[in-house]
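# Examining the three-dimensional arrangement
This is what each chain is made of:
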Amino acid sequence: MILMALLAVPLLGALLTLVSPPWSPRRLTRVARLYGLVVSGVTLVLALVAAVVFDYGKRGPQLGVDRTWAASIGLRFHLGVDGISLPLIVLTAALTFLCMVYTARVLPSRGTGGDEGDSPPQALIGLILLLEVGMLGTFVALDLVLFFVFFEVVLVPMYFIIANWGGSGRDGQAKARAAANKFILYTLLGSGFLLVGILLIAVNARTLDMTALAARHGAGLSHGVQVTAFALMALGFAVKTPMWPLHTWLPDAHTEAPTVGSVLLAGVLLKMGTYGFVRVAVPAAPGGAHTWAPWLGLLAVIGILYGALACLAQRDLKRMIAYSSIGHMGFVLLGIATLTPVGVNAALFGNVAHGLITGLLFFLAGAIKERYGTGDLDVLGGGMLAKAPYLASILTFASIASLGLPGLAGFWGEMLALLGAYRPHAGLPRGTFLTFMALGGLGAVLTAAYFLRMLAKVTHGPVAERWRTTRFADVRSYELLAWTPLITATLFIGLWPKTLLALTDGAVRVLLGGR
Amino acid sequence: MIVLAAVAILLPFAAAFAGMLFGPTVSHLLTPLARRVRSPRPGTAAGRARVLARRLPANGPALIAVLPVAVSTVITAVVAFEQWRQPRVRTGTLTLVQTGGLPFAVSLDVDGLSAVVALMVCCVALAVQIYSVAYMRDDPRYSSYAAFVSLFTAAMLLVVLSGDLLVLYVGWEVMGVCSYFLIGHYWHDRATSRAAVKAFLMTRIGDVGFLFGIFVLGMAAHSFGIRAVIAHVPAMSHTTLVAGTLLLLCGVAGKSAQFPLHTWLPDAMAGPTPVSALIHAATMVAAGVYVVARLYPAFLFAPASLAVLGIIAAISMLGAALAALAQDDLKRVLAYSTISQLAYMAGGLAVGTRDGAVFHLLSHGAFKALLFLGAGCVIVTVGSSVLSTMGGLRRAMPVTFWSMTIGFAALAGVPPASGFFSKDTILSQAWHAARQQRPRGDFGSFAHSSVGGGTGTQGYTALNNAHRLPVIPESMPGIPSWTGWLVFIAGLVTVAITAAYATRTWLVTFFGEQRSEVAPREAPPLMRWPVAVLAVPALVLGFLGLGSDHLRPEPGMAAVSLLFTAAGAGAVFLVWNNDPALDPVRLLGPVRPVLQAGFHLDNVYDVLVVRPVLALARLVVSTDERVVDAAVEGSGRGARRLGGLLRATENGNPQAYVSGLLAGVVIIVLAVVVLT
Amino acid sequence: MHLVYPVVIAAMLFSVGVYGVLARRNAILVLMSVELMLNAVNLNLVVFDMRWADRLHGGQVLTLFVIVLAAAEVGLGLALVLLIYRNRRTVDIDRLRALADRDVDPDSDISAIPDDEGVRR
């Protein structure tokens, strides 16, 4: 019941924004912002209630709904949460709420509704709520086609958010539209493969239910079918993750998107890819997973190193954070590729940690861009610790968390992924994975290098000439309000990793079919 | 006891957060109180408030910094005393964290070694915090500085008292990040910023190897607990042990600034001097040596890694000592000297004396902190840290002078200062290892399980006794003799060079005529009294080792090392005496620039590592644009071209369309006729 | 008379008509060729109706239909040709390429139709 409410509230909220009362633009904007806060707040409360009533001792999916939808193809409206989806649901609801808090004062004003001019302000709110429905739905769906539907639902609102509210600078609009086009077409291509893979499994296993497929651990599917299906599904999820070399949509999409778009894109949408691996691909086709795991690991490690090296040479702040996402997701993928409970726990931990930390980083990048007018590291010049000390300190905190310092959330995901690679599943080639582990460690060093380089360029040093006379506010109250939960969550999860690990461990063991 | 230890760690940790968030607030709250206590002074109200705000009782950040560390010092003293009275191992686990594979425990472990090192850490941290109140008096960012020093103290205590390898690693890395923040305290200077980044990155490289070493040993022992790993050591395969310990040595080399990961330490002197005293002399850099001492049985069962440690130690010892001789900056002399002394400890571990290495660690902590804090006094007085601006300070700064004399004596190994005793222990053991003799009483603490004490219940032995350690079988290859020779010879030569640079620095700073423009006067009391207090253990610590067999100096070895010390010091003194106005090091001539630049290792690393990585990064970015993304954009262009091909048929001419239609009909009819 | 003779004539008429539709440049001639094709079909229908001679005489009835439809279609066709001549000053089919698929500059005015040569706007 609560899951239905969780999906229904943002959906109804989004539909309500279609109404366009004849108010003045300023009043409309104010009401829209408040409305967004209320609806996403209610959703957050529902998610927290779900977290409270969740039975932490039970291992299977709970709080579920299971109704027939289209009996002829075996499609059921099956929802449920377990230890793997619960943290992601809370993360999604929280990040959306924080985005609404952020919008409360900084609604991006540029919209291109066509020849008529700007889009109405409630359009952005409605799109974000629609996005939230899609994100939450992906994490609670327990039926393959239902999962796919929600997986696709997020694409359209995100396209419009990037295309209409994104971009800045000279060719802002054209660049934003190009980035949005690339994002949606690339992801749709991947989803096409994903659909074929899902249908292959569905036809051969004669069921669409994820829990049933997970319980079977691949029984009833021939090895060839499993290998093909996993490859197809992996292609679809890999574009979303993003996995090298299918990652090139990410830097453009992140750079051109508005702040709230980037936060939700990096904070939640990227998680859908890896969540799909853990929930759909690996349990349904374990034989295929075994065959493809070394390749997955190889591409993951290449992603880690590639992302880190690309970040070292970046000039734009948001682009650098985008490439850092590729690196972090590389660690998550490496964890999945080991096919051990340690590795998958690492992946899920890394997911949540990345959502918190990179969400915070994109908020900060947006704040910096709003104050300085640019995200170019050389133009920013340095000395932010003198000009806006609190902003610079929070940026330093987020960067240190992102580079995987123990004691903050990012470390445990990376460390456990490397531990998983040290001893992967019995059937996988150990030497290869040891090499992956070593390269992953190298990637960790390079991650530290580029974040420290960025901090030195932006926060250290004397204030650059051109900024010496400009004055802008340090962290504002609503910004602090939006960022403090992320900071405290990062600290708490980093210092007490048991919160997440205890949650995911049981569910992971069930999914991987072991002990 | 465990609870006390946990409190000792948590207090500075809480102080760090409190200081960061509430420092100035507490000052505001306390200022009216202080104003009521003190008698009115002449001057404007604002000036009065400012002066009062800086005094200790109303200085919020200072109170938040000093009080918790003071309490922690008392606690660790109590714990150490209790451990000395009743030597046994105390472990406490807060919780077991399931990871899906091997779980790890948030646990603390108090035994003799950890108790005494924790006490040393707290004492030095307290001295540094009190000192900083005066040193950083005019710094507007004092509260964040003090908070980071508190956080560092908590992290170091976690490393020392941790009972689990992963928890130790957490503390290890947090120390590294605190070091980054504290070195980069003067971030408005780009060179300082670069030094901080360099320190963090070099130690991070070592830390990755350290983490892998933890994996190897932990997985082989089926537990990450330190006691469990040590207990499993006899059961592990030789390859595993060698691999694990060598990987651990990566982290040790990075954190303890040994060759080849040592070049960050001299540059780290860009940070405030109290930071150099705490982090880069007494505590963080000692953490590497401490970890080897903690996991010593693993190393003993894998002599190959001890041999590697010996080589690293020998190179670092000699190289750093030579570089220290040629430096022109007081803090850089002390930095290179730290590398050299840490190499002594590493060398001690390499030749088999854990107790000797820890002994030297403790005495080095005392005298190096003393030297750094004293250097801070001198720098504050003179206004610069360059040696050529100092001179003749002994009359103007008597307390500092006598304290630093004791410090330099300890450094050079002049009796009765503690350095003499600790260095001697290491040299004796090196000699015994070289001659493949069974050392007097060492290994003994490992060869029999001891509950009530090893070879004595006084001094270090009781404190350093480990409980239920594995017995080393006779068939185990011992430490190779060439390692012993290497460490011994390098050690002796370094003794001479150490004495030389210690004497040179002492003479150039305190004797001769005054070269500074500012009239020197003694440092403020909050600065000079910690220095004086530290001089006591620097002088006296050596005598505490007389109680145990293997920490007592051997007469023959003592005489030889004294000879070398006298040679080094005497040579420098004679040269200086010739012309007190000139720097005796000028005699090095053309070799001096090479030594001063640390054998140009920085440039080598720049060419071999930094530039290729940056070039690779640029290559990756251009590849991403031109190859990977080009494929994506190319697919779009390819699709359009394909469409363009088909579009050629849409030429707008209806007759063409109808012709096509006709052709199609003909073909279909033919097909139907032919195929049926 | 054997069926062959009228059928062959019809076929030849139809072929001439097809040639005219595909190859003539003048639009009016194309319309005339379409008429030719339709009348060839008529001839065929009448001939075969005489052959089969069913009760409803479907062939001849269909012929009447075709005559009416041809007339209607030619009326419409000529009206179109007249309008094209008024707007484009030509009835040369080869030059009427407005519906061709060409690259259109996305920034230009959408209402601008690509011109043929020598067209008066």
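Within each chain, residues carry numbers counting from 1 in the order of the written sequence. Naming scheme: in the order in which they are written, chains are lettered from A and ligands are numbered from 1. Local features are withheld for residues below a pLDDT of 70 in this predicted model, meaning they are given only at 70 or higher, and side-chain atom pairs are given and counted only at 80 or more; totals for whole chains, interfaces and linings count all residues.

Another point: the overall build of chain C. In terms of helices and strands, chain C carries three helices and zero strands. Each helix is a run of DSSP H or I of at least 4 residues and each strand a run of E of at least 2, with the numbering of both proceeding from the N terminus. Along chain C, helices and strands appear, N-terminal first, in the series α-α-α. To sort residues by burial, count the other C-beta atoms lying within 10 Å of each one's C-beta; a count of 20 or more means buried, 12 or fewer means exposed, and anything in between means partly exposed. C-beta atoms are built from the backbone. Relative to its 121 residues, chain C shows a buried fraction of 8%.

Moving on to the overall build of chain B. Across its full length, chain B carries 26 helices and two strands. The 676 residues of chain B split such that 57% are buried. Considering only intrachain contacts with a sequence separation of at least 6, the fraction spanning at least 24 residues in chain B is 82%. Here the contact rule is simple: place C-beta atoms from the backbone, and any two residues whose C-beta atoms are within 7 Å are in contact.

Next up on the list: the interface of chain B and chain C. Listed as interface residues are 10 residues of chain B and, on the opposing side, 10 residues of chain C. For the side of chain B that touches chain C, the element with the most residues is helix α26 (residues 654-675) of chain B, which contributes five residues. Here the term charged refers only to Asp, Glu, Lys and Arg, the term nonpolar to Ala, Val, Leu, Ile, Met, Phe, Trp, Tyr, Cys and Pro, and the term polar to all other amino acids, Gly among them. Residue classes in the side of chain B that touches chain C are distributed as three nonpolar, five polar and two charged.

Attention now moves to the pairing of strand β1 (residues 62-70) of chain A. Of the strand pairs in this sheet, β1(A) and strand β2 (residues 75-81) of chain A are connected by six bridges, and their pairing is antiparallel. Residue pairing in the sheet places A:Val65 in a bridge with A:Leu79 of β2(A). Whether two strands pair depends on DSSP finding at least two bridges between them.

What follows covers the interface of chain B and chain A. Opposite the 36 residues of chain B that make contact, chain A presents 41 residues. At the level of secondary structure, the elements contributing two or more residues to the side of chain B that touches chain A comprise β1 (90-97), α6 (165-183), α7 (190-221) and α25 (601-647) of chain B. The element contributing the most residues to the side of chain B that touches chain A is α7(B), with 12 residues. For the side of chain B that touches chain A, the class distribution of residues is 22 nonpolar, eight polar and six charged.

This part is about the packing of helix α11 (residues 273-282) of chain B against helix α12 (residues 284-294) of chain B. Residues and elements named next belong to chain B. Orientation is described by lines fitted to C-alpha atoms, with helices fitted over the stretch in contact, and by angles between N-to-C directions that extend from 0 to 180 degrees. In contact at an axis separation of 3 Å, α11 and α12 are set at 20 degrees when each is read in the N-to-C sense. Taken together, the axes of α11 and α12 are roughly parallel relative to one another. Mapping the contact onto sequence places Ile279, His280, Ala281 and Ala282 in α11 and Met284, Val285 and Ala286 in α12. Just so you know how the angles are binned, under 35 degrees is roughly parallel, over 145 roughly antiparallel, 65 to 115 roughly perpendicular, and the rest oblique.

All right, on to helix α15 (residues 330-351) of chain B then. All names here are of chain B. Here the expected length of a helix is defined as 1.5 Å per residue gap, with one fewer gap than residues. With 22 residues, α15 should reach 32 Å at 1.5 Å per residue; the first-to-last C-alpha distance of 32 Å fits that figure. Among the 22 residues of α15, 22 are classified as buried, and the element is accordingly described as predominantly covered. At the C-terminal side of α15, glycine 352 shows a positive phi close to 110 degrees.

With that settled, consider the nonpolar core. Note on terminology: a nonpolar core is any set of buried Ala, Val, Leu, Ile, Met, Phe, Trp, Tyr and Cys residues joined through C-beta atoms within 7 Å. Ranked by size, the top nonpolar core spans 438 residues in total, and within it A:Ile162, A:Ala281, B:Val289, B:Ala369 and B:Ala538 carry the most contacts. Of all the elements, helix α4 (residues 112-135) of chain B adds the most residues to this core, at 20 residues. The residues contacting B:Val289, other than those within four sequence positions of it, are B:Ser256, B:Leu342, B:Met345, B:Ala346, B:Leu349, B:Ala357 and B:Leu361.

To continue, consider the confidence of the model for chain B. The predicted model of chain B has a mean per-residue pLDDT of 84, with 89% of residues at 70 or higher. pLDDT under 50 marks residues 440-469 of chain B. Its contacts with residues more than four places away, or in other chains, come to 76 contacts. Note on scores: pLDDT gives the predictor's confidence for each residue, bounded by 0 and 100.

Right, let's get into helix α14 (residues 303-325) of chain B. Think of an α-helix as turning once every 3.6 residues; residues three or four places apart then point the same way. Look at α14(B): 33 Å from first C-alpha to last across 23 residues, which is about the 33 Å you get at 1.5 Å a residue. α14(B) sits mainly inside the fold: 17 of its 23 residues count as buried.

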